[in-house]
Amino acid sequence: MTTTTTTTGRIHSWDLSTGVDGPGTRFVLFVNGCPLRCLYCANPDTWHLRDGREATVDEVMAEIDTYRPFITTAGGGVTITGGEPLLQPAFTGAILRRCKEAGLHTALDTSGALGSRATDELLADTDLVLLDIKSFDIAAYRRLTGGALAPTLSFANRLDRLSVPVWIRYVLVPGWTDDPAAIDGLGAFLAGLGNVDRVDVLPFHKLGAAKYDALGIPFPLRDNPVPGPDLIDRVREQFREHGLRAL
């Protein structure tokens, strides 16, 4: 039986995507609020809870239902991203539960920094976690995000224990996340887990620069180069050398 709830959260927007935010065509919900301040963040307009608009779970589910024909016929589902969805665990968990009740594939896009806020029940309603690991170097992670690496690695291990499928997302930023030793370290760590289906090496881009301008805040990596094809191939090959599927 499908439940109804008036649980509310703060959301930024939603969109449809194909092949980027999980399998198939996805309804992607962007929630507001994030504890990290990644230097390459493409969505600075989702950092603060106060900047989102309030919505109930029922309202979100009604919107998802509008797009259901598109996301079900293409083997897709619903992805909750942000911001950081685990900053609003009750809201996120309620949406995941409702989607599961509706027979929809669910995905959670998270940095893992707040992984301890995800209950086992929330994770049981999650078919796939898109886990963003920003760097495997502790000092570089701190400089890049303002946060600590340890909670993310702890969350990764917990997902493995619970057998929750994971796609790793690794943003490749020249001069920041291209260190061969750090990538090999991450590759070895991931190879020790039994639930990592793939590693997506995502080239750093500057498509969010206009958002920084509109918000009147500096884009820290505006002058940083983007990775070339040779660097992208090298990093993907490093992950493959650890027996990982890298795309």
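In this text, all values refer to a predicted model and were calculated from it rather than measured experimentally.

What counts, and at which threshold
- Numbers given to residues run from 1 along each chain, matching the order in which its sequence is written.
- Owing to the predicted nature of the model, reporting of local features is limited to residues with pLDDT of at least 70; listing and counting of side-chain atom pairs is limited to 80 or more, with chain, interface and lining totals taken over all residues.
- Excluded from the side-chain calculation are hydrogens and water; included are all heavy atoms of the structure.
- Remark: nonpolar core denotes a set of buried residues (Ala, Val, Leu, Ile, Met, Phe, Trp, Tyr, Cys) joined through side-chain atoms within 4.5 Å.
- Classification of residues uses two cut-offs on accessible area relative to the type maximum, computed with a 1.4 Å probe and protein chains only: under 20% is buried, over 50% is exposed, and between them is partly exposed.
- Only heavy atoms enter the contact rule, under which two residues are in contact if any of them lie within 4.5 Å.
- In DSSP terms, a helix is any run of H or I states spanning at least four residues, a strand is any run of E spanning at least two, and both are numbered starting from the N terminus.
- By convention in these notes, a salt bridge is any Lys or Arg side-chain nitrogen within 4 Å of a carboxyl oxygen on Asp or Glu.
- Any residue with an atom within 4 Å of a point lines the site, the site being either a cavity, points on a 1 Å grid over the protein atoms alone where a 1.4 Å probe fits but cannot get out, or a pocket, an open set with protein on both sides within 12 Å along at least 5 of 7 lines.
- Grid points are joined across faces, edges and corners, and a volume is the space filled by probe spheres set on the points.
- The residue classification treats Ala, Val, Leu, Ile, Met, Phe, Trp, Tyr, Cys and Pro as nonpolar and Asp, Glu, Lys and Arg as charged. All others, Gly included, are polar.
- Two strands are counted as paired when DSSP detects at least two bridges linking them.
- Angles run from 0 to 180 degrees between N-to-C directions of axes, and those axes are lines fitted to C-alpha atoms, restricted for helices to the stretch in contact.
- Each crossing is labelled by how the near helix is turned from the far one, with a counterclockwise turn of less than a right angle marking it left-handed and a clockwise turn marking it right-handed.

**Some points on the nonpolar core**
Counting residues in each nonpolar core, the largest one holds 67 residues, and the members touching the most others are Ile 64, Ile 95, Leu 190 and Phe 239. Once you skip the residues sitting within four places of it in the chain, Phe 239 turns out to touch Tyr 170, Ile 183, Leu 186, Gly 187, Leu 190, Val 199, Val 201, Leu 244 and Ala 246.

**With respect to the environment of Trp 47**
Here Trp 47 lies in the loop between strand 2 (25–31) and strand 3 (53–56). Assessed through its relative accessible area of 14%, Trp 47 is described here as buried. Separated by 106 residues in the primary sequence, Trp 47 and Leu 153 have C-alpha atoms spaced 22 Å apart.

**Thoughts on the pattern of salt bridges**
In this structure the tally under the stated criterion is 11 salt bridges. Taking the shortest distance from any N to any O, the salt bridge between Asp 125 and Arg 97 comes out at 2.7 Å. Of this pair, Asp 125 sits in the loop between helix 3 (120–124) and strand 6 (128–132) while Arg 97 is found in helix 2 (residues 89–101), placing the two residues 28 residues apart along the sequence. With a relative accessible area of 8%, Asp 125 lands in the buried category. Its relative accessible area of 36% is what places Arg 97 among the partly exposed residues. In this structure, a network of salt bridges that share partners links the residues Asp 21, Asp 109 and Arg 169.

**Details of the layout of surface pockets**
Roughly 900 Å³ of internal volume is contained in the largest pocket. The wall of the largest pocket is formed by 35 residues, among which Ala 42, Asn 43, Thr 81, Asp 109 and Arg 169 lie closest to the centre. Ranked by residues supplied to the lining of the largest pocket, first place goes to strand 1 (residues 8–18) with three residues. Partitioned by chemical class, the residues of the lining of the largest pocket number 17 nonpolar, nine polar and nine charged.

**Describing the sheet that holds strand 6**
Sheets are built from strands paired through backbone hydrogen bonds, the pairs being either parallel or antiparallel. One open sheet accounts for eight strands, arranged 3-1-2-4-5-6-7-8; its pairing is mixed. Lying at the two open borders of the sheet, with one neighbouring strand each, are strand 3 and strand 8 (196–203). This sheet shows a mean twist of 30° between the axes of neighbouring strands, independent of strand direction. The pairing of strand 4 (residues 77–81) with strand 5 (residues 105–110) spans four bridges and is parallel. Of the residues in strand 5, the one forming a bridge with Val 78 is Thr 106. In the packing of helix 2 onto the sheet, the strands contacted are strand 1, strand 2, strand 3, strand 4 and strand 5, and the crossing angle to strand 5 comes to about 160°. Lying over the sheet, helix 8 (residues 229–240) contacts strand 7 (166–172) and strand 8, oriented at roughly 165° with respect to strand 8.

**Points about the packing of helix 6 (residues 180–191) against helix 8**
Their axes nearest at 8 Å, the elements helix 6 and helix 8 cross at an angle of 35°. Of the two possible hands of crossing, helix 6 and helix 8 adopt the one that is right-handed. Of the residues in helix 8, those in contact with Pro 180, Ile 183, Asp 184, Leu 186, Gly 187 and Leu 190 of helix 6 are Arg 234, Val 235, Gln 238 and Phe 239. Here the residues of the contact of helix 6 with helix 8 are counted per class, giving six nonpolar, two polar and two charged.

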